[in-house]
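Architecture at a glance
Given next are the chains, with one letter for each unit.
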Amino acid sequence: MAIDFKSRKTWLWGALGLLVYLNLGNDDDSTSFGGGDSDAVGGWRTTLSGTRLNYFHTYNSYSGGFSRSQKMDLCPQGTYTFYAEASFDATGPATEAGTWNVQENGGGVSLVLTPDNGEPTYLPLAFDEKQNILVGSRSYIPAKSGKHGPACY
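Residues numbered from 1 in each chain as written. Predicted model: local features only at pLDDT ≥ 70, side-chain atom pairs only at ≥ 80, totals over all residues. Heavy atoms only, no water.

A word on unusual backbone geometry. Positive phi, normally seen in glycine, also occurs at Asn-117, with a value near 60°. Examined against the element boundaries, Asn-117 turns out to sit in the loop between β5 (108–115) and β6 (121–127). We classify Asn-117 as exposed; its relative accessible area is 87%. For Gln-131, which is not glycine, the phi torsion reads 65° and is therefore positive. With respect to the secondary-structure elements, Gln-131 resides in the loop between β6 and β7 (133–135). (Helix = DSSP H or I, 4+ residues; strand = E, 2+ residues; numbered from the N terminus. Buried < 20%, exposed > 50% of the residue type's maximum accessible area, 1.4 Å probe, protein only.)

Right under this line is the structure:
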């Protein structure tokens, strides 16, 4: 059986054209932070965009206890808000707002938080054994909607 190189070349050009069309024709701006990202960076941006990261910790003993909670809303437009409170903190809750991004950093992938009028902080990203999101060394439960979902406007 002879191979028709003309039809094979036409097929290859058609396949290449389809790949270019699919790549350039992506109208989903929910995670448009720039081009040329690695698969890992793009995957993390997709995972984190429009997500609230929730952290809850309680400790009880016969002599008392404490609780601590944190929530970080990572909005699709690239902004974030952070809220933290602890039962033992007399100064009240801590809040922060700014922009977020994901970048390759030292062979891994980091969440980059840049507070309004502040310097960026690079926090390594990973998944823990329960598929919660490790930001630095703290495990956060992700939520896209509902009571514990993000408040992005």
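The next subject is helix α2 (residues 39–48). Among all positions of α2, only Val-41, Trp-44, Arg-45 and Leu-48 are buried. Projected down its long axis, α2 carries its buried residues within an arc of 100°, all on one side. Counted as exposed and oriented over 90 degrees from the buried face of α2: Asp-39 and Thr-46. The inward-facing, buried residues of α2 contact β1 (51–61), β2 (64–74), β4 (94–105), β5, β6 and β7. Within two residues after α2, Gly-50 carries a phi angle of roughly 75°, on the positive side. (Arc of directions from axis to C-beta. Contact = heavy atoms within 4.5 Å.)

Turning next to the sheet that holds β5. With respect to topology, eight strands assemble into a closed barrel ordered β1-β2-β3-β4-β5-β6-β7-β8, the strand pairing being antiparallel. Strand-to-strand, the axes of this sheet are offset by a mean angle of 35°, without reference to chain direction. Where α2 meets the sheet, its contacts fall on β1, β2, β4, β5, β6 and β7, and the angle it forms with β4 comes to roughly 155°. (Pairing = 2+ DSSP bridges. Axes fitted to C-alpha atoms, helices over the stretch in contact; angles between N-to-C directions.)

Our next topic: the nonpolar core. Residues Leu-48, Leu-53, Leu-74, Trp-100, Val-102, Leu-111 and Leu-125 are the most contacted members of the largest nonpolar core, which totals 19 residues. Of all the secondary structure elements, the ones that give two or more residues to this core are α2, β1, β2, β3 (79–86), β4, β5 and β7. For Leu-48, the contacting residues outside a window of four places in its chain are Leu-53, Leu-74, Trp-100, Val-102, Leu-111, Leu-125, Ile-133 and Lys-144. (Core = buried A, V, L, I, M, F, W, Y, C linked by side-chain atoms within 4.5 Å.)

Here we come to the pairing of strand β8 (residues 138–143). Where β1 meets β8, three bridges bridge the pair, whose relative direction is antiparallel. What sits directly across from Asn-54, in β8, is Ile-141. Counted along the chain from β7 to the antiparallel partner β8, the turn is two residues long, and its residue Gly-136 has a positive phi close to 70°.

By themselves, these observations are geometric and do not establish any function.
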